Amino acid sequence: MDRRHFLKLAALAGAGLSVPGGIGQLAEAAEQASRPDLTVVRGGSPDQLARSAIEAMGGIRKFISRGDIVVIKPNIGWDRTPEQAGNTNPEVVATVVKLCFEAGAKKVKVFDRPVNDPRRCYVQSGIAPAVKALGAEADYMDERKFKDMAINGQALKSWPLYTEIFEADKVINIPIAKHHGLAKLTLSMKNWMGVMGGSRRQIHQKLDESLVDLSMKIKPTLTILDAVRILTANGPQGGSLADVKRLDTLVAGFDPVAIDSYGATLFGMKGSDLGYVALGHRLGLGQMDLSRLVIRKISV
Amino acid sequence: MKNAIRFFKVQNVRRAVQAAFLLLFLFLFIQTESKGSDELGYPVRLFLDFDPLILVTTLLSAHAVAKAFALSLVTIMITVVLGRVFCGWVCPLGTLNNLVGSIRPRRPAVTYAPWYRVKYYLLIGTLASALFSLQPAGIMDPLSLLIRSFSVSVYPLFNYTVRSVFDTIFRIDPLGLASLTEPVYSVLKKTVLSFEQASYRQGVFIGMVFFTVLGLNLVEKRFWCKYLCPLGAFLGLLSRRSLLKRTVSEGCTSCGACAAVCQGNASPEAKERWRDAECMVCRNCDDICPQNAVSFGFSPRRKAAGLDLGRRRVIGSALSGIAAVPLLRAVPLVKTGAQDPLLLRPPGSLEEKEFLKRCVRCGECMKVCTTNGLQPTLLEAGVEGIWSPLLVPRIGYCEYRCTLCGQVCPTGAIKKLKLEEKIKVRIGLAMIDKGRCLPWAHARPCIVCEEVCPTSKKAIWFESAKVRDRQGKPLMVKQPYVDLELCIGCGICEAKCPVLGRPAISVTSVGESRSRENQLLIPGTEAGY
């Protein structure tokens, strides 16, 4: 390389770095155009499903940077075993933990505020043992870390929420798709009840509004809806294997309304059948009209 | 040679052994807590399994053999061979009495020595009432007393203290002290503290009894062991023919040094006229004897004062024990429908009469209960049933897939159930108070009870109903119903009902599986599975 060539290159590189965003921004825009709104992967092991869903959404390095503190929020609400489909599939959670560490995450925290005894839920769900083996933290939620936070929503003005969700660099929501008596279905938006402190059972009195309020407040980096097994009746905790349907499916995306709207179709419903999806759409939280979304379907 | 023997003090060995057993006891006690698995992984009721008083009394009262029958035979055999070593070397309550008694610097001038007979009268009364089907042993059995007091009172108190100290430092954070205390706190949480702060209804009462027992050591060291303990009396009777004997040689100058250190008030200075049944084999007399005239060894000779309890007093104790049976039983509680409707027994509990014949009030079930819902009764089950377990759903419901209370029960008062059995056992039935329920009375959506109902299919179901608010505006709510054939009375609906104060859904004992009489439905229709 001669001197002139070198100077030219250096000048170019300098210019590239000094323009805000520079080339990187262009690349980002190009990539976003090709990135789907939703990815639906079907027909593989939970591990394969999780890997290909994340890959299709741009790869784990798109979401997780070196040194990040990552919170993963599965549903660990019930004292049920994985085949009963009361909680998020432990293998899906474990694979996401693994990928986060591969992308250089400094710390991965996995937690939920269960309805049943936390110890039994963490262990019987299979989630705590699986993620601890990978080096993630699966601590029980600590009463001290709930802080009253302003929400200023339709139903919730303020509520004690778990601070670790807001202190984390990245948050990945991994709910499971289940039947629910009051809400009809519990999907991604309802999963945030697990970071509410206080007497959260009261929000049933204005459930749709409350769920939209929560989703306005908590913005995850990525959401992966677990439909490896779905619970079609006697939810949200189930118990009978007769109510469990194996779909071997994951739905990944960023827009909670879009994800829950697609999730409804897994149960033969429409997004607009769910009060909180319709309300979320109306208030601009997201898009429930699936025809307006770029949905990429992958068979593993 | 003599000096070499004096150099070795039995006392030091005994203290080490006592400390080891106390630590083992505390370790097993702390392990009596769910870690999330279906089983605990430790034999947490081990000390109770070695308790022959529980064995004998349940054998008499219920004609049933306590679960770990063989283990308490070991205690009996050891006592027959070595004397009351259990009292002197093993019993964790004895060790605690020893420790507290050490606070008092000098031996009191007056001892209550003649009171040693009281424990035998208590034992005789206990055995006599057990023969006539009562089970009062647990009230004063030292291991039941200790575990119950620790579970219900001492451990919650300990946890409360530690937690509030660390929480206060965390909140105020004086001089950045919290950065030092928080790591200590997290270690404590993982080791000696309970998962959550537990609390119990009779905590103060049971605690006061326990601290009184400990406090009596300030009146006289090991007051409880010498004068009150029925297990000590039982082992004392067995030890009268023990093979290990204490002998005093000719060298004894009657200096009386041994009398001052005897842990059992056995009058060791009286040589052959001593009270051998009171000896806890602490060997203090051997250690202290300046002439080294005392020795313990296996010898056929038996020289000791007789155990003079007085025939009239013995008969009186036995009659008192027997009289206690009708006294406690002739109460309206035995009438069907007259029981306290809130007397919800743990799942797997035997029929009430059989249950009370076995329950020794050790509090193991209350300690292990994952939700803290199992609480000691006061009078809900009559005086006979005092401190036996009852479920209070508003404090904690019965966790659907948990079977721990039956696993830790030492006497089988609560049967050990397999998971598939347990989820079919009905503790009682839930019923809705339509006057308080939000969708029924107040035109508000709720249905939390249906959400948390664990049976599958759910025992709580709902109907969508059109109601009107005050302005006459129609709205749809889901109104809950209980399916009496499916409800198992676990009480999670009551526990989670957002209507505080008096809940809008609550469980009573009617329909409980263990009772033939306390039923609601036509027999044969109650099995929902």
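Residues numbered from 1 in each chain as written. Chains lettered and ligands numbered in written order. Predicted model: local features only at pLDDT ≥ 70, side-chain atom pairs only at ≥ 80, totals over all residues.

(A) Molecular detail of the overall build of chain B. When helices and strands are counted, chain B shows 24 helices and eight strands. Principal-axis analysis of the C-alpha atoms places the extent of chain B at approximately 105 × 65 × 35 Å. Here chain B holds 529 residues, and 47% of them are scored as buried. (Helix = DSSP H or I, 4+ residues; strand = E, 2+ residues; numbered from the N terminus. Buried ≥ 20, exposed ≤ 12 C-beta atoms within 10 Å, placed from the backbone.)

(B) Broad picture of the overall build of chain A. Assigned secondary structure in chain A consists of eleven helices and eleven strands. With 300 residues in all, chain A has 51% of them scored as buried. For chain A, the share of sequence-separated contacts (at least 6 apart) that also reach a separation of at least 24 residues comes to 73%. (Contact = placed C-beta atoms within 7 Å.)

(C) Expanded view of the interface of chain B and chain A. Every contact between the two is made by 28 residues of chain B and, on the other side, 24 residues of chain A. In terms of residues, the side of chain B that touches chain A owes the most to one element, helix 23 (residues 448–452) of chain B, which gives four residues. Of the residues contributing to the side of chain B that touches chain A, the split by class is twelve nonpolar, six polar and ten charged. (Nonpolar A, V, L, I, M, F, W, Y, C, P; charged D, E, K, R; others polar.)

(D) Highlighting the pairing of strand 6 (residues 170–174) of chain A. Residues and elements named next belong to chain A. Among the five residues that make up strand 6, four are buried, leaving the element largely enclosed by the rest of the structure. Where strand 2 (residues 69–74) lies against strand 6, five bridges are found, and the strand directions are parallel. Looking across to strand 6, one finds that V70 is bridged to K170. As judged from the two bridges shared by strand 6 and strand 9 (residues 222–231), these two strands associate in the parallel manner. Considered in strand 9, the bridge of N173 is made with T223. (Pairing = 2+ DSSP bridges.)

(E) Expanded view of the confidence of the model for chain B. Of all residues in chain B, 96% have pLDDT values of 70 or greater, and the mean over the chain is 92. Quick note on the complex model: pTM equals 0.92, ipTM equals 0.93. (pLDDT = per-residue confidence, 0-100.)

(F) Up close: the domain arrangement of chain B. Split by domain assignment, chain B resolves into domain 1 (2–146 + 207–298) and domain 2 (424–529). Centre-to-centre, using C-alpha coordinates, domain 1 of chain B lies 52 Å away from domain 2 of chain B. (Domains from an automatic or database assignment.)

(G) Expanded view of the packing of helix 4 (residues 52–62) of chain B against helix 8 (residues 116–131) of chain B. Residues and elements named next belong to chain B. Following both chains from N to C, one finds helix 4 and helix 8 inclined at 35°, their axes separated by 7 Å at the closest point. For the pair formed by helix 4 and helix 8, the contact residues are T57, L60 and S61 on the first element and T126, L127, A130 and L131 on the second. Of the residues that constitute the contact of helix 4 with helix 8, the class distribution is four nonpolar, three polar and no charged. (Axes fitted to C-alpha atoms, helices over the stretch in contact; angles between N-to-C directions.)

(H) Structural detail: the packing of helix 8 of chain B against helix 14 (residues 230–239) of chain B. Residues and elements named next belong to chain B. Taken N-terminus to C-terminus, the directions of helix 8 and helix 14 make an angle of 95°; their axes are 8 Å apart at the nearest point. The orientation of helix 8 relative to helix 14 falls into the category roughly perpendicular. Contact residues: K119, Y120, L122, L123 and T126 in helix 8; P230, G232, A233 and F234 in helix 14. (Parallel < 35°, antiparallel > 145°, perpendicular 65-115°, else oblique.)

(I) Spatial organisation of the environment of G511 of chain B. In this structure, G511 of chain B sits in the segment after strand 8 (505–508). Between the alpha carbons of G511 of chain B and D340 of chain B there is a distance of 14 Å; along the sequence they are 171 residues apart.

(J) Just the pairing of strand 1 (residues 38–42) of chain A, in detail. Residue and element names in this part refer to chain A. Most of strand 1 is tucked away, with four of its five residues classed as buried. Bridge count between strand 1 and strand 10 (residues 244–253): five bridges; the pairing is antiparallel. Bridge pairing in strand 10 links V41 to L250.

(K) Broad picture of the nonpolar core. Counting 210 residues, the largest nonpolar core has V93, V96, I224 and L250 of chain A as its most contacted members. The dominant element in this core, judged by the number of residues it contributes, is helix 8 of chain B, at nine residues. For this core, the domains that each give at least three residues are domain 1 (2–146 + 207–298) and domain 2 (424–529) of chain B. Not counting residues up to four positions away in its chain, the partners in contact with V93 of chain A are I72, P74, T88, V110, I127, A130, V131 and I174 of chain A. (Core = buried A, V, L, I, M, F, W, Y, C linked by C-beta atoms within 7 Å.)

(L) Expanded view of unusual backbone geometry. Cis geometry marks the peptide bond from G235 of chain A to P236 of chain A; its omega dihedral reads 5°. By the secondary structure assignment, P236 of chain A is in the loop between strand 9 and strand 10. With an omega of 15°, the peptide bond between S456 of chain B and K457 of chain B qualifies as cis. On the secondary structure map, K457 of chain B appears in the loop between helix 23 and strand 6 (460–468). For S133 of chain B, which is not a glycine, the phi torsion comes out positive at approximately 80°. With respect to the element layout, S133 of chain B can be found in the loop between helix 8 and helix 9 (137–140). One non-glycine residue with positive phi stands out, namely V281 of chain B, at about 55°. Position of V281 of chain B relative to the elements: it lies in the loop between helix 15 (257–261) and helix 16 (284–288). We classify V281 of chain B as buried; it has 25 C-beta atoms within 10 Å.

(M) Spotlight on the environment of K189 of chain B. Its location among the elements puts K189 of chain B in helix 11 (residues 178–191). A sequence separation of 106 residues divides K189 of chain B from S295 of chain B, and the C-alpha atoms of the two residues are 48 Å apart.

(N) Examining helix 11 of chain B more closely. An ideal rise of 1.5 Å per residue puts 20 Å on 14 residues; helix 11 of chain B measures up with 19 Å between its terminal C-alpha atoms. Little of helix 11 of chain B sits inside the fold, with zero of its 14 residues counted as buried. (Expected span 1.5 Å × (residues − 1).)

(O) Expanded view of helix 8 of chain B. Residue and element names in this part refer to chain B. Spanning 16 residues, helix 8 covers 24 Å between terminal C-alpha atoms, matching the ideal 22 Å at 1.5 Å per step. Burial analysis of helix 8 places 13 of its 16 residues in the buried class, which makes it a mostly covered element. The first or second residue beyond helix 8 is S133, which carries a positive phi of 80°.

(P) Expanded view of the environment of S261 of chain A. Residue and element names in this part refer to chain A. Within the secondary structure layout, S261 lies in helix 10 (residues 256–265). A count of 28 C-beta atoms within 10 Å places S261 in the buried class. Discounting chain neighbours no more than four positions away, the residues touching S261 are G271, V277, M288 and L290.

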